[in-house]
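What follows is each chain in one-letter form.
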Amino acid sequence: METATKPSTLGSILQQRCPRCRIGNIFRYSIFRGFPNMCERCSICDLQFEREPGYFLGAMYISYCLGVLIMAPIAVLLWALTGWWITKVIIWAVLLFLPFAPTITLFARVLWIYLDQRIDPERLR
Ligand SMILES: [Zn+2]
């Protein structure tokens, strides 16, 4: 049930908070500061983040979409600025994207957990 004090969904996603209580952390520290390990459960409401083996396979689709959404503007910008052939532009876009790939992968997990909890929520026991 929504309450007036519950943080916004977007804010909770960006802060990588538990989708159910919006207080507990999904990762041990922010994914924007490194490559943290994931918490097994929410420290506040005990929500299990990885519901089953292979659970984060779906996050790969989100990660792929995010990758394309980030690389495409880079490629277009490179093409507009340099006029390089498409092959060279794509290679450089991929190379420029690579440093962000680990963070995108972890962020896709957060989005996957939120999507999954929206479609098939695990209720408090
Ligand atoms: Zn929680």
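Residues numbered from 1 in each chain as written. Predicted model: local features only at pLDDT ≥ 70, side-chain atom pairs only at ≥ 80, totals over all residues.

## Thoughts on the overall build of the protein chain
The secondary structure content of the protein chain amounts to four helices and zero strands. Dimensions of the protein chain, computed from C-alpha atoms along their principal axes, come out at roughly 60 × 35 × 25 Å. Counting all 125 residues of the protein chain, 18% fall into the buried class. Counting contacts in the protein chain only where the partners sit at least 6 residues apart, residues at least 24 apart contribute 45% of the total. (Helix = DSSP H or I, 4+ residues; strand = E, 2+ residues; numbered from the N terminus. Buried ≥ 20, exposed ≤ 12 C-beta atoms within 10 Å, placed from the backbone. Contact = placed C-beta atoms within 7 Å.)

## Things to note about the environment of lysine 88
When you line up the elements, lysine 88 lands in helix H3 (residues 86-97). Among the residues examined, lysine 88 registers 12 C-beta atoms within 10 Å and is labelled exposed. For the pair lysine 88 and methionine 38, spaced 50 residues apart in the sequence, the C-alpha separation amounts to 36 Å.

## Focus on the nonpolar core
In terms of nonpolar packing, the biggest core is built from 13 residues, with Ile26, Phe107 and Ile113 touching the most fellow members. The element contributing the most residues to this core is helix H4 (residues 101-119), with six residues. (Core = buried A, V, L, I, M, F, W, Y, C linked by C-beta atoms within 7 Å.)

## Details of the packing of helix H2 (residues 57-82) against H3
At a minimum axis distance of 9 Å, the contact between H2 and H3 shows a crossing angle of 130°. Here H2 lies oblique to H3, going by the angle between them. In this structure, H2 meets H3 at a crossing whose hand is right-handed. Across from Gly67, Ile70, Met71, Ile74, Ala75, Leu78 and Trp79 in H2, the residues of H3 making contact are Val89, Ile90, Trp92, Ala93, Val94, Leu96 and Phe97. (Axes fitted to C-alpha atoms, helices over the stretch in contact; angles between N-to-C directions. Parallel < 35°, antiparallel > 145°, perpendicular 65-115°, else oblique. Left-handed = near helix turned anticlockwise from the far one by under 90°.)

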